[in-house]
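Geometric and topological summary
Residues per chain are reported as follows:
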Amino acid sequence: DDKYYDLYTSHDIMTACDGSPCKGHAMNEVMRWYGDLSGMVTLTQPWLGRGGWPNDGSSSGVFYYNFSGGNGSYNRSFRIVLTPQN
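A quick note: this is a predicted structure, and the numbers were derived from the prediction, not measured. (Residues numbered from 1 in each chain as written. Predicted model: local features only at pLDDT ≥ 70, side-chain atom pairs only at ≥ 80, totals over all residues. Heavy atoms only, no water.)

Along its length, the protein carries zero helices and four strands. For the protein, the N- to C-terminal ordering of α and β elements is β-β-β-β. Within the protein, the fraction of its 86 residues that count as buried is 31%. Nonlocal contacts in the protein, meaning residues at least 24 apart in sequence, comprise 49% of its contacts between residues at least 6 apart. Accessible surface for the protein amounts to roughly 5,300 Å². Of this, 53% is attributable to carbon and sulfur atoms. (Helix = DSSP H or I, 4+ residues; strand = E, 2+ residues; numbered from the N terminus. Buried < 20%, exposed > 50% of the residue type's maximum accessible area, 1.4 Å probe, protein only. Contact = heavy atoms within 4.5 Å. Areas by Shrake-Rupley, 256 points an atom, 1.4 Å probe, with all protein chains shown as cover.)

Written out as structure tokens, the structure is:
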């Protein structure tokens, strides 16, 4: 059911929403704020981790997001599903 996930048409964050930035997804709007790391999902890393690691500099912070393999982790704040188009 597509109301539970976002389907991106590109692995480039600036063109991921049908050739445009994805406004309202809290990605383009907050990219690298306060030096927090950011990265888009890929076919082999289809999950997007948010919130980051608690003690790891640019890999931590409320504006951190980066691709992930979807493995569980005890120290991530939350994770949402983002799937690139095949």
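Attention now goes to the environment of cysteine 17. Tracing the sequence through the fold places cysteine 17 in the loop between β1 (6-8) and β2 (47-52). Relative accessible area serves as the criterion here: at 23%, cysteine 17 is assigned to the partly exposed category. Not counting residues up to four positions away in its chain, the partners in contact with cysteine 17 are Tyr8, Thr9, Cys22 and His25.

With that settled, consider the packing of aromatic side chains. Tallied over the full model, the rule gives two aromatic pairs. On the basis of an interplanar angle of 65° and a centroid distance of 4.9 Å, the ring pair of tryptophan 33 and phenylalanine 63 is categorised as edge-to-face. Of this pair, tryptophan 33 sits in the loop between β1 and β2 while phenylalanine 63 sits in strand β3 (residues 60-68); the two residues are 30 residues apart in sequence, bridging distant segments of the chain. Exposure remark for tryptophan 33: the relative accessible area of 40% places this residue in the partly exposed category. Ring geometry for tyrosine 34 and phenylalanine 63: centres 5.8 Å apart, planes at 15°, overall stacked. (Phe/Tyr/Trp six-rings, centres within 6.5 Å; stacked < 30°, edge-to-face > 60°.)

Take the nonpolar core next. Tyr8, Ile13, Ala16, Cys22, Met27, Met40, Val41, Leu48 and Tyr65 together form the largest nonpolar core, which totals nine residues. Sequence-distant contacts of cysteine 22, that is, excluding residues within four places in its chain, are made with Tyr8, Ile13, Ala16, Cys17, Met27, Asn28 and Glu29. (Core = buried A, V, L, I, M, F, W, Y, C linked by side-chain atoms within 4.5 Å.)

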